[in-house]
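Fold and contact review
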Amino acid sequence: LEIGGNSNLGTAISGLTSIVKGYGDKVKDVNEVSDTLFTASLAGKISIEELSEGLGRIIPLADALDVGLEEVTSAIAALTLTGVSARESITSVRAVLAAVVKPSSEAADEAERLGLNFNAAAIKSKGMLAFLEELKQKTGGSVTSLGLLFGGVEAILPALNLVNNGGKEFNQIMGQMADKAGITD
């Protein structure tokens, strides 16, 4: 990670430690974590250092929703490809997850109208990528519907990106995650 990921050793180790602690028993192999960070860094416009410094703010929420590191880092990388800064991408993915954890009454009403499960149980059972793909299908990418579901700008803008333009990149990066084994060996 230090050389290939353009990061210093201390930051790389700190990031790996935070991820392992944040995901706990779900992390079976630190090399897999390293491969995931490196793949996200290569796929997006984000460094290992930026990922390492920012993931601590999102992992507790992602872990509570059973959203794995691959999906979190793929979503972040996809957002950076749409012109969103690395730091803002991390904050944005966190905001999307938080909006699903605690939907507003307007979001609940819109989800019911759309026949959509917009809650923590839905994202836990489907995963983030499948959840967002269903969201796109049910809303047709409607800014109005997505605005009602996600509320504030901090969540609606990344949701629009991930459901529309960035959805393709998110899906492609998730595909790259499937082939990441050993990339940092």
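None of the values given here were measured: they were computed from a predicted structure.

1. Examining the overall build of the chain
Within the chain, the regular secondary structure consists of twelve helices and zero strands. Ordered by position in the sequence, the α and β elements of the chain form the string α-α-α-α-α-α-α-α-α-α-α-α. The C-alpha atoms of the chain give 16 Å as radius of gyration, which agrees with the globular expectation for 185 residues (16 Å, within 12%). In terms of principal-axis extent, the alpha carbons of the chain reach across some 50 × 30 × 25 Å. For the chain, with 185 residues in total, the buried portion stands at 50%.

2. Describing helix H11 (residues 153–163)
Burial within H11 is extensive, with eight of its eleven residues counted as buried. For H11, the complete set of buried residues consists of Ala155, Ile156, Pro158, Ala159, Leu160, Asn161, Leu162 and Val163.

3. Quick notes on the nonpolar core
One finds Leu55, Leu97, Phe118, Met128, Leu135, Phe150 and Phe170 to be the most contacted residues of the largest nonpolar core, which totals 59 residues. Counting residues per element, this core draws most heavily on helix H6 (residues 86–101), at eight residues. When neighbours within four sequence positions are excluded, phenylalanine 170 is seen to be in contact with Glu71, Ser74, Ala75, Ala78, Met128, Leu129, Leu132 and Leu162.

4. A word on the side chain of serine 41
Among the structural elements, serine 41 can be located in helix H2 (residues 30–43). When its relative accessible area of 14% is taken as the criterion, serine 41 is described as buried. Not counting chain neighbours up to four residues away, the residues in contact with serine 41 comprise Ile46, Ser47, Ile48 and Leu51.

5. So, helix H9 (residues 128–139)
Over its twelve residues, H9 runs 16 Å from end to end, which matches the ideal 16 Å to within 8%, given 1.5 Å per residue. Turning to H9, its buried residues number three or more, namely Met128, Leu129, Phe131, Leu132, Glu134, Leu135 and Thr139. Just downstream of H9, glycine 140 is the residue with a positive phi angle, here 65°.

6. What about the packing of aromatic side chains?
All chains considered together, the criterion is met by two aromatic pairs. On the basis of an interplanar angle of 35° and a centroid distance of 5.9 Å, the ring pair of phenylalanine 118 and phenylalanine 131 is categorised as tilted. Taken together, the positions of phenylalanine 118 in the loop between helix H7 (105–114) and helix H8 (120–126) and phenylalanine 131 in helix H9 put the pair 13 residues apart, joining distant regions of the chain. For phenylalanine 131, a relative accessible area of 0% puts it in the buried group. Note on phenylalanine 118 and phenylalanine 150: the rings are 5.2 Å apart at their centroids and 85° apart in plane angle, and the pair reads as edge-to-face. Taken together, the positions of phenylalanine 118 in the loop between H7 and H8 and phenylalanine 150 in helix H10 (residues 143–150) put the pair 32 residues apart, joining distant regions of the chain.

7. Re the confidence of the model for the chain
For the chain, per-residue confidence averages 88 on the pLDDT scale, and residues scoring 70 or more make up 95% of the total. Across the chain, the element-wise mean pLDDT spans from 80 in helix H1 (residues 9–23) up to 96 in H8. This stretch, residues 1–5, has a pLDDT under 50; its non-local contacts, to residues over four places away or in other chains, come to 15 contacts.

8. So, the pattern of salt bridges
Under the criterion given, the structure shown has six salt bridges. Its salt-bridge partner being lysine 180, residue glutamate 32 comes within 3.7 Å of it at the nearest N-O pair. Of this pair, glutamate 32 sits in helix H2 while lysine 180 sits in the segment after helix H12 (165–178), and the two are 148 residues apart along the sequence. Linking glutamate 110 and arginine 113 is a salt bridge whose minimum nitrogen-to-oxygen distance equals 2.8 Å. Residue glutamate 110 and its partner arginine 113 are located together in helix H7, separated by three residues, close to a single helical turn. The class for glutamate 110 is buried, based on a relative accessible area of 7%. The class for arginine 113 is exposed, based on a relative accessible area of 58%.

Quick notes on the rules
The numbers attached to residues start from 1 for each chain and follow its sequence in the written order. For this predicted model, a pLDDT threshold of at least 70 governs which residues receive local features, and a threshold of 80 or more governs which side-chain atom pairs are given and counted, while totals over whole chains, interfaces and linings are taken from all residues. No hydrogens and no water enter the side-chain calculation; it runs on all heavy atoms of the structure. Secondary structure elements follow DSSP: runs of H or I no shorter than four residues count as helices, runs of E no shorter than two count as strands, and numbering proceeds from the N terminus. Using C-alpha atoms as the atom set, the radius of gyration is obtained and then compared with a globule rule of 2.2 Å times the number of residues to the power 0.38. Burial here depends on accessible area, computed with a 1.4 Å probe over protein chains only, as a share of the maximum for the residue type. Under 20% is buried, over 50% is exposed, and the range in between is partly exposed. What we call a nonpolar core is a set of buried Ala, Val, Leu, Ile, Met, Phe, Trp, Tyr and Cys residues that are connected through their side-chain atoms within 4.5 Å. Any two residues whose heavy atoms approach within 4.5 Å at even a single point are treated as in contact. Expected helix span is given by 1.5 Å per residue-to-residue step, counting one fewer step than there are residues. Stacked, tilted and edge-to-face are the three classes applied to pairs of Phe, Tyr and Trp rings, where Trp contributes its six-membered ring and a pair requires centres within 6.5 Å; stacked means planes under 30 degrees apart, edge-to-face means over 60, and tilted covers the rest. Scored from 0 to 100, pLDDT reflects the predictor's confidence in each residue. Salt bridge criterion: a side-chain nitrogen from Lys or Arg within 4 Å of a carboxyl oxygen from Asp or Glu.

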